[in-house]
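# A look at the structure
Given next are the chains, with one letter for each unit.
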Amino acid sequence: MRSIQFSVFILATALAFFLSSSQAASAIQYGKKISGTSTWFDGGDLHGAACYGKLLNKDVDAKDGWHIAAVNPSGYKGAEKGVCFECAKVTYNSRSIIVRIIDTCRSCKSTQLDLTSSAFKTLAPLKVGRIKMTYEFVRCPTRGAAFKWPSSPKPKSA
């Protein structure tokens, strides 16, 4: 009888863990405004953009002139597969920029976007360091002034 009770306890614990962890990760929802923070990175942190290495088996070093972001993929359904190569419109005060997610930031909070310094400077001076902003996932532009990242891979279709 004790082994049955123990088995039921283990099964219930595993189920509770699965349900709590699956609720933490959310699918990308286009157009839904999310409040969060942005920080910035450059220099050595631009080497080996994680989305390329993990999903495409390519070694791509980002350029600071690219308008890209790094996120903590554990907050998204499918982790890297769910969020890599998506685009987000980031708004701070009256300024907005579209960035493409091509890197990961394991130390970032779930609503934090770590931007290249060129993208961050579009929103605020670098000396500010951290800003409270809103962002929403948008379809990636394929040309024009907002297109400041590698063209490969092509943006995901609707």
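Only a predicted model underlies this, so the values are computations on that prediction, with no experimental measurement involved. (Residues numbered from 1 in each chain as written. Predicted model: local features only at pLDDT ≥ 70, side-chain atom pairs only at ≥ 80, totals over all residues. Heavy atoms only, no water.)

## Some details on the sheet that holds strand β5 (residues 112–116)
Quick note on the threshold: What makes two strands pair is DSSP finding at least two bridges between them. For helices the rule is a DSSP run of H or I covering at least 4 residues; for strands it is a run of E covering at least 2, with both sets numbered from the N terminus onward. A fitted line through C-alpha atoms represents every axis, and for helices the fit uses only the stretch in contact; the resulting angles, taken between N-to-C directions, go from 0 to 180 degrees.
Spatially, six strands are ordered β1-β5-β2-β4-β3-β6 in a closed barrel, and the strand pairing comes out mixed. Between one strand and the next, the sheet's axes are offset by a mean angle of 45°, whatever the strand orientation. Relative to strand β4 (residues 95–104), strand β3 (residues 87–92) is paired through six bridges, and the arrangement is antiparallel. Paired with cysteine 87 across the strands is arginine 100, a residue of β4.

## A word on the nonpolar core
Filter applied, for reference: Residues belong to a common nonpolar core when they are buried Ala, Val, Leu, Ile, Met, Phe, Trp, Tyr or Cys residues joined through side-chain atoms within 4.5 Å. Note on classification: 1.4 Å probe, protein chains only; a residue is buried when its accessible area is under 20% of the maximum for its type, exposed when over 50%, partly exposed between these limits. Contacts are residue-level and defined by heavy atoms, with any inter-residue pair within 4.5 Å sufficient.
Counting residues in hydrophobic clusters, the biggest one holds 21 residues, and the most contacted among them are Val90, Val99, Leu113, Leu115, Tyr135 and Phe137. Breaking this core down by element, the ones donating at least two residues are β2 (68–71), β3, β4, β5, α4 (117–123) and β6 (131–138). Leave out the neighbours within four places in its chain, and leucine 113 touches Thr37, Ser38, Thr39, Ala70, Val71, Ala88, Val90, Met133 and Tyr135.

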